[in-house]
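Take a look at the letters that make up each chain.
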Amino acid sequence: MDRRVSAAAVLCCFYLSLECCSCQTYVLNDKEGLGRVFDGIGGLSGGGATSRLLVSYAEPYRSQILDYLFKPNFGASLHILKVEIGGDAQTTDGTEPSHMHYENDENYFRGYEWWLMKEAKKRNPNITLIGLPWAFPGWVGHGKNWPYDYPDITAAYVVNWILGAKQYHDLDIQYVGIWNERNFDSKYIKLLRYTLDKNGLEWVRIIASDNLWEPIALFLLNDSDLSSAVDVIGAHYPGTTTVKDALKTQKKLWSSEDYSTFNDEVGGGCWARILNQNYVNGLMTATISWNLVASYYEDLPFGRDGLMTAQEPWSGNYVVEAPIWITAHTTQFTQPGWTYLQTVGHLAQGGSYVALTDGKGNLTVVIETMTHDQSVCIRPPLPPFNVTSQNATFQLQGSFASIKELQVWRSQFNVNTKKPSFFENITPLKLLDGSFTLNLAEDEVYTLTTITTGQKGCYPDPPPSARFPNVYKDDFRVENPPFSEAPHFADQTGVFEYYINLTDPGPHIFTFRQVLTQRPVTWASDADQTISVIGDYQWQNLTVTCDVFMETIEAGGVFIAARVDKGGQSVRSAKGVFFWVFADGTYKVTNDLDGKTVLAEGQSGTRAYGWHTLSLTVKGQYASGLMNGYLLWKNAVVLTPKNGWAAIGTRSFELAQFDNFAVVAE
């Protein structure tokens, strides 16, 4: 590589300080060709239910959040949106409904991912859309917790989702991922490619395996048919590195799920480091954050692991976190289709730099100097490294030699003062003989670019943060609901949807129904019971009331609950106070969702196909329950947990309805 030092660099060393004489010169040059084509930076909604609360925000706050995520030259300005193809199963922080609960059932208006993709497309018509199933309805597995024994069924199921996106929402899904936790299925990948082509979807590309570099890379090298079916090798949390076999395939390499880190300043530092070093170390041309926006209850697993936080639709409060502005350093000054220069790398005193061009004379350089402790991601473990302040001279050569001025955007984490400044537009740099020198401190991000359209968008401050209302009611009386889910309910096992009960001429025409009758195919730990949580995790003393309707004779059962302490992947071990009634005429009060720790039990006279009103009161160490206004049990002793959500649910995967839900908390 040509390392000739320009006159400007020599003058820098002479005038600035002796320390600068140890500064390195980094040549940015396209004379000997370019690197890989850049595919973009993105966010992931799902895997699972990570955007659940976003849809319940009132305007203008919901649109403001979406602008910070997707609007070009405003905030994160994302190039890619990846969504979960809902599979009715728990996939980290909740369940997302499938477009096909059953084999003969198709509905392309369930859930909120359709809406989210349309909102993203509305703001950025060029955004890349990706779908990935983390789980599948039970019928796809034919009774097994494995979706690939009948690959033709699974392929048709996924292709139906892609066709439905186009037919009902005019959305073109450009990529579909294939992911599983256990092993790799090349037969399914080939069949999916065939099924896509057969349905006129030749332009939809396959990401495989959307999980690990190996063994897919070796399979691709040894199977030409498989290689022709796969366009991208995607890895999750690759730690900025790849493997030799993946490079040998000459396929696009993506970090198709990354970040997953608490979105404070350290999270911002993690994101800054991997956005650069995923290419510098691993030649990955796209990086996608799990997750897009932390819009789920914070006390679920991986709370606030999104690019920004929007977890209070009841207050309207949201927070534009550091990762939004770190993203902007790249996304606002590049586009998919730009190309990395070959001249990228690590800085002599720690940190990294990348440079990209549109091939039309524009150049963008992104530099990061994140220290180890300020850039630790949740995974994988980060080996030790050192970063110190340094002076760096960049020499532009080739077609960039004539550039006279670069716009400068800077983020400073300012760890010592705890007063960070993000994405500031500072004085443009004048270049002398194609050269410029920067004094780089620790924990900084710079973008130097010929692009002049960058903007740090802003809105007036949203309303202040507030806890979930202590008095809350929902009668589910919505004739044309915009979404299939009721506001604020977060399904943790099972799927609860608005339902119109046309057979009931009475007050229960509009209800909330659990609709699954079969355990889904999933890698996560769904409970044996279905459950949807709601409210304030800090609730201690409260009364939960709800009308319930069982639809399974003899074996049916439903519950209302308080102080539920776990959800997400840990939902099987949830504890709380669960008030159950069963279709065999009995009731039970348990201290756990699994129903093993019994606090009270007896006769209730309950049967299927009749409405009953349950009321559960928990205060201090005691709980009591009413049914249809009459005391059924009292003074059950509850030592733990001390707090948690309210909830509704069913004994198993069974049909049941709920109405007139209410909570009064102290």
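Residues numbered from 1 in each chain as written. Predicted model: local features only at pLDDT ≥ 70, side-chain atom pairs only at ≥ 80, totals over all residues. Heavy atoms only, no water.

## Details of empty space enclosed by the protein
Any space left empty among the atoms is revealed by the rolling of a water-sized probe across them.
So, step 1. Counted by the stated rule, this structure contains 5 cavities of 30 Å³ or more.
So, step 2. Looking at the largest cavity, its volume works out to about 100 Å³.
So, step 3. Classifying every residue of the lining of the largest cavity by side-chain character gives 5 nonpolar, 4 polar and 4 charged.
So, step 4. Quantified by volume, the second largest cavity comes out at close to 50 Å³.
So, step 5. Forming the walls of the second largest cavity are Ala272, Leu275, Asn276, Ile326, His329, Thr330, Val366, Glu368 and Val445.
So, step 6. If you list the elements that add at least two residues to the lining of the second largest cavity, you get helix H9 (265-282), helix H10 (322-331) and strand S16 (363-368).
So, step 7. For the lining of the second largest cavity, the class distribution of residues is 5 nonpolar, 3 polar and 1 charged. (1 Å grid on protein atoms, 1.4 Å probe; cavity = no way out; pocket = protein on both sides within 12 Å on 5 of 7 lines; lining within 4 Å. Points joined across faces, edges and corners; volume = space filled by probe spheres on them. Nonpolar A, V, L, I, M, F, W, Y, C, P; charged D, E, K, R; others polar. Helix = DSSP H or I, 4+ residues; strand = E, 2+ residues; numbered from the N terminus.)

## Brief notes about the pairing of strand S15 (residues 352-357)
So, step 1. Counting buried positions along S15 gives 6 out of 6 residues, so the element sits mostly inside the fold.
So, step 2. Burial along S15 is two-sided: the residues Ser352, Val354 and Leu356 and Tyr353, Ala355 and Thr357 are all buried.
So, step 3. Here strand S13 (residues 339-341) pairs with S15 via 2 bridges, running antiparallel. Within S15, the residue paired with Tyr340 across the bridge is Leu356.
So, step 4. Relative to S15, strand S14 (residues 345-346) is paired through 2 bridges, and the arrangement is antiparallel. By the bridge assignment, His346 is partnered in S15 with Ser352.
So, step 5. Counting the residues that bridge the hairpin from S14 to S15 gives 5 residues, and of these Gly350 lies at a positive phi of roughly 105°.
So, step 6. Judged from the 6 bridges that link them, S15 and S16 form a sheet pairing that is antiparallel. Bridge pairing in S16 places Thr357 opposite Leu363.
So, step 7. The antiparallel pairing of S15 with S16 creates a hairpin that spans 5 residues between the two strands, and Gly359 there sits at a positive phi of about 75°. (Buried < 20%, exposed > 50% of the residue type's maximum accessible area, 1.4 Å probe, protein only. Pairing = 2+ DSSP bridges.)

## Topic: the side chain of Thr606
So, step 1. Looking at the element boundaries, Thr606 is found in the loop between strand S31 (598-603) and strand S32 (611-619).
So, step 2. Residue classification places Thr606 among the buried residues on the basis of a relative accessible area of 0%.
So, step 3. A polar contact is formed between the side chain of Thr606 and the backbone oxygen of Phe582, at a distance of 2.5 Å.
So, step 4. Only 2.7 Å separates the side chain of Thr606 from the side chain of Ser604, close enough to count as a polar contact.
So, step 5. Each residue touching Thr606, except ones within four places of it in the same chain, is listed here: Met550, Val581, Phe582, Ala583, Asp584, Gly585, Thr586, His612 and Met627. (Polar contact = N/O pair within 3.5 Å; in protein donor to acceptor, adjacent residues only side chain to side chain. Contact = heavy atoms within 4.5 Å.)

## Quick look at the sheet that holds strand S29 (residues 575-582)
So, step 1. One open sheet accounts for 7 strands, arranged S23-S26-S35-S28-S29-S30-S31; its pairing is antiparallel. At either end of the open sheet lies a strand with only one pairing partner, and these are strand S23 (490-493) and S31. Taking each pair of neighbouring strands and ignoring which way they run, the sheet shows an average axis angle of 20°.
So, step 2. In terms of strand pairing, strand S30 (residues 586-592) meets S31 through 5 bridges, oriented antiparallel. The partner of Val589 across the bridge, within S31, is Ala600. (Axes fitted to C-alpha atoms, helices over the stretch in contact; angles between N-to-C directions.)

## Considering helix H3 (residues 113-123)
So, step 1. Most of H3 sits out of view: 8 of its 11 residues are buried.
So, step 2. Among the residues making up H3, those that are buried are Glu113, Trp114, Trp115, Leu116, Met117, Glu119, Ala120 and Arg123.
So, step 3. Elements that come into contact with the buried residues of H3 comprise strand S3 (40-45), helix H2 (61-70), strand S4 (80-84), strand S5 (128-132) and helix H4 (151-169).

## Some remarks on the pairing of strand S26 (residues 530-534)
So, step 1. By the criterion of burial, S26 is predominantly enclosed, with 5 of the 5 residues buried.
So, step 2. Burial along S26 is two-sided: the face carrying Thr530, Ser532 and Ile534 and the face carrying Ile531 and Val533 are both buried.
So, step 3. Relative to S26, S23 runs antiparallel, the two being bridged by 3 bridges. Counterpart to Thr493 in the pairing with S26 is Ile531.
So, step 4. Sheet analysis places S26 next to strand S35 (residues 645-650), joined by 5 bridges and oriented antiparallel. Across the sheet, the residue bridging to Ile531 is Gly649, located in S35.

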